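Coordinate inspection notes
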Amino acid sequence: WFPQVGNHIIHMNASQPDGTDGVIFSARHLNAIYHITKSTNAIDWKIGGTVRPEQLTVIGDNRPTAVGVSGQVLSGQHDVRKCPAGTVSVHDNGTIANRPPFVIRYQIDTAARTATVLEEFQDVRVASSGCCGSARRLPRGHWLVAWGEQPFMTELDSSGNPVVTTQYNLGPAFSYRAVPVLPGIISAV
């Protein structure tokens, strides 16, 4: 509930098709990401939020406050993305859990009902992220990350080390999301 604005109980801030009948989306105010089948409206799986039968067990998440069923696995997340080979990435703001934002990439195993953490990193310069942000995996394993409410975005290598930082000169303004433009998409001419 936001006074003078109204209810905003889900805050779906990212969605992406998965094949012809699936969709994955982020529900920020539910602290969860979901995969649904459009033709049946069924929740196939979810990570984070309130425990439900569709919940995947998260394996290998070592962040503070992200332990077990009672932990806050995701907190105010943005920009869930379906990556190649059955993996899913998300920019976890850490908002309600009072922790720094992280980029996380999971391997989804629907048969075993698990989401195994493959990558998990942060930028030590970012202590908090109240909103916004994005994490996009680049072809060679690097990441382009907008940290949400921060005056910069970062390209990180596959170990989470900063390679390039782009500082915004926007005063108190910030970027909601950063989307990479890969070589060959725009002509240099």
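Above this text is the structure in question.
Presented here is an overview of the structure given in this document. Remember, it's a predicted structure, so these values are computed and weren't measured experimentally.

A closer look at the sheet that holds strand E2 (residues 22–27)
The strands that make up a sheet pair up through hydrogen bonds in the backbone, lying either parallel or antiparallel. Spatial ordering of the open sheet is given by E1-E2-E3-E4, a layout of four strands whose pairing is antiparallel. Two strands close off the open sheet at either side, each with one partner strand: strand E1 (12–18) and strand E4 (42–48). Across the sheet, the axes of successive neighbouring strands diverge by a mean angle of 20°, strand direction being ignored. Where strand E3 (residues 32–37) and E4 come together, six bridges link them in antiparallel fashion. By the bridge assignment for E4, alanine 32 is matched with glycine 48.

Some thoughts on the sheet that holds strand E11 (residues 143–146)
The four strands lie next to each other as E10-E11-E12-E13, forming an open sheet whose pairing is antiparallel. Edge strands, defined here as strands with exactly one partner in the open sheet, are strand E10 (134–137) and strand E13 (162–167). Each neighbouring strand pair of the sheet contributes to a mean axis angle of 15°, computed without reference to strand direction. Where E10 and E11 come together, four bridges link them in antiparallel fashion. By the bridge assignment, alanine 135 is partnered in E11 with valine 145.

Let's talk about the nonpolar core
Core analysis: the biggest nonpolar cluster contains 17 residues, and Ile33, Trp45, Ile47, Leu74, Tyr106 and Ile108 have the highest contact counts within it. Mapped onto this core, the elements with two or more residues apiece are E4, strand E7 (87–92), strand E8 (102–109) and strand E9 (114–121). Non-local contacts of isoleucine 33, meaning those with residues more than four positions away in its chain, are made with Phe25, Ser26, Trp45, Lys46, Ile47, Leu74, Gln77, Val80, Val88 and Val90. One finds Phe121, Val126, Ala135 and Trp147 within the second-largest nonpolar core, a separate group that totals nine residues.

With respect to the side chain of threonine 114
Mapping threonine 114 onto the fold places it in strand E9. Its relative accessible area of 13% is what places threonine 114 among the buried residues.

Quick look at a nonpolar patch on the surface
Residues Ile9, Ile10, Met12 and Leu30 make up a contiguous nonpolar surface patch of roughly 380 Å² in combined accessible area. Within the secondary structure, isoleucine 9 sits in the segment before E1.

The rules we used
Residues numbered from 1 in each chain as written. Predicted model: local features only at pLDDT ≥ 70, side-chain atom pairs only at ≥ 80, totals over all residues. Heavy atoms only, no water. Pairing = 2+ DSSP bridges. Helix = DSSP H or I, 4+ residues; strand = E, 2+ residues; numbered from the N terminus. Axes fitted to C-alpha atoms, helices over the stretch in contact; angles between N-to-C directions. Core = buried A, V, L, I, M, F, W, Y, C linked by side-chain atoms within 4.5 Å. Buried < 20%, exposed > 50% of the residue type's maximum accessible area, 1.4 Å probe, protein only. Contact = heavy atoms within 4.5 Å. Patch = residues over 30% accessible without salt bridge, like charges linked within 9 Å, V, L, I, M, F, W, Y side chains within 5 Å. Areas by Shrake-Rupley, 256 points an atom, 1.4 Å probe, with all protein chains shown as cover. Salt bridge = Lys/Arg side-chain N within 4 Å of Asp/Glu carboxyl O.

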